[in-house]
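Residues per chain, in single letters:
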Amino acid sequence: MPGLLRGVARTAVIAGTATSVSNRVSRRQAGRWAQQDAAQAQTRSAPAEPPPLAPEDEMSNKIAQLKELGDLKSQGLLSDSEFAAQKARILAS
């Protein structure tokens with residue numbers, strides 16, 4: 001009987017050790033995956049800067065903004081001083 005008890009105890013120790021090691025490896029791997037997921041989420045959520053506009057695109061963009069600004073002034077939605085301030089802002093950019 002002592003041999004049987006020793007065999008059962010040895011098996012229990014080995015199984016417990018294997019379970020402990022397996023759990024530790026699983027936690028470590030889960031931590032690594034979490035770090036990777038966080039890094040990927042951060043790169044996805046970072047707003048991408050728009051590519052710089054070519055000079056002709058930039059000029060046509062300013063012209064479109066100025067036309068829209070003129071339309072707002074002609075509709076009476078902007079005062080003369082507001083129009084002048086916005087126009088100066090657009091031309092300065």
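Refer to the structure above for everything that follows.
These notes cover the structure that comes with them.

On to the overall build of the chain. Secondary structure assignment for the chain yields three helices and zero strands. The buried share among the 93 residues of the chain stands at 5%. Here the chain displays about 8000 Å² of accessible surface, and carbon together with sulfur accounts for 59% of that area.

Across the interface, helix α2 (residues 55–74) lies against helix α3 (residues 80–92) with an axial gap of 10 Å and an inter-helix angle of 175 degrees. On the basis of their axis angle, the class for α2 and α3 is roughly antiparallel. Packed against α2, whose contacting residues are Lys62, Gln65, Leu66, Leu69, Gly70 and Lys73, the element α3 presents Asp80, Phe83, Gln86, Lys87, Ile90 and Leu91 at the interface. Among the residues making up the contact of α2 with α3, the classes are represented as five nonpolar, three polar and four charged.

To describe a pair of aromatic rings, you give the distance between the ring centres and the angle between the ring planes. Inspection of the entire model under this criterion finds zero aromatic pairs. Lying across the ring of Phe83, Lys73 places its NZ or CZ 5.3 Å from the centre.

Positive charge collects at one region of the surface, where Arg24, Arg27, Arg28 and Arg32 lie side by side. For Arg28, a relative accessible area of 48% corresponds to the partly exposed category.

As a further point, take the pattern of salt bridges. Think of it this way: side chains of opposite charge can pair up when their charged atoms draw near. In the structure shown here, the tally under the stated rule is one salt bridge. Two residues, Asp80 and Lys73, come together in a salt bridge whose shortest N-O distance is 3.2 Å. Asp80 sits in the exposed class, given a relative accessible area of 56%. Lys73 gets classed as partly exposed once you look at its relative accessible area, which sits at 32%.

Next up on the list: the side chain of Lys62. In this fold, Lys62 is placed in helix α2. If sequence neighbours within four positions are ignored, Lys62 has contacts with Ile90, Leu91 and Ser93.

What counts and how
- Residues numbered from 1 in each chain as written.
- Predicted model: local features only at pLDDT ≥ 70, side-chain atom pairs only at ≥ 80, totals over all residues.
- Heavy atoms only, no water.
- Helix = DSSP H or I, 4+ residues; strand = E, 2+ residues; numbered from the N terminus.
- Buried < 20%, exposed > 50% of the residue type's maximum accessible area, 1.4 Å probe, protein only.
- Areas by Shrake-Rupley, 256 points an atom, 1.4 Å probe, with all protein chains shown as cover.
- Axes fitted to C-alpha atoms, helices over the stretch in contact; angles between N-to-C directions.
- Parallel < 35°, antiparallel > 145°, perpendicular 65-115°, else oblique.
- Contact = heavy atoms within 4.5 Å.
- Nonpolar A, V, L, I, M, F, W, Y, C, P; charged D, E, K, R; others polar.
- Phe/Tyr/Trp six-rings, centres within 6.5 Å; stacked < 30°, edge-to-face > 60°.
- Lys NZ or Arg CZ within 6 Å of the ring centre and 35° of its normal.
- Patch = residues over 30% accessible without salt bridge, like charges linked within 9 Å, V, L, I, M, F, W, Y side chains within 5 Å.
- Salt bridge = Lys/Arg side-chain N within 4 Å of Asp/Glu carboxyl O.
- Lys, Arg positive; Asp, Glu negative; His and termini not counted.
- Charge placed at Lys NZ, Arg CZ, Asp CG, Glu CD.

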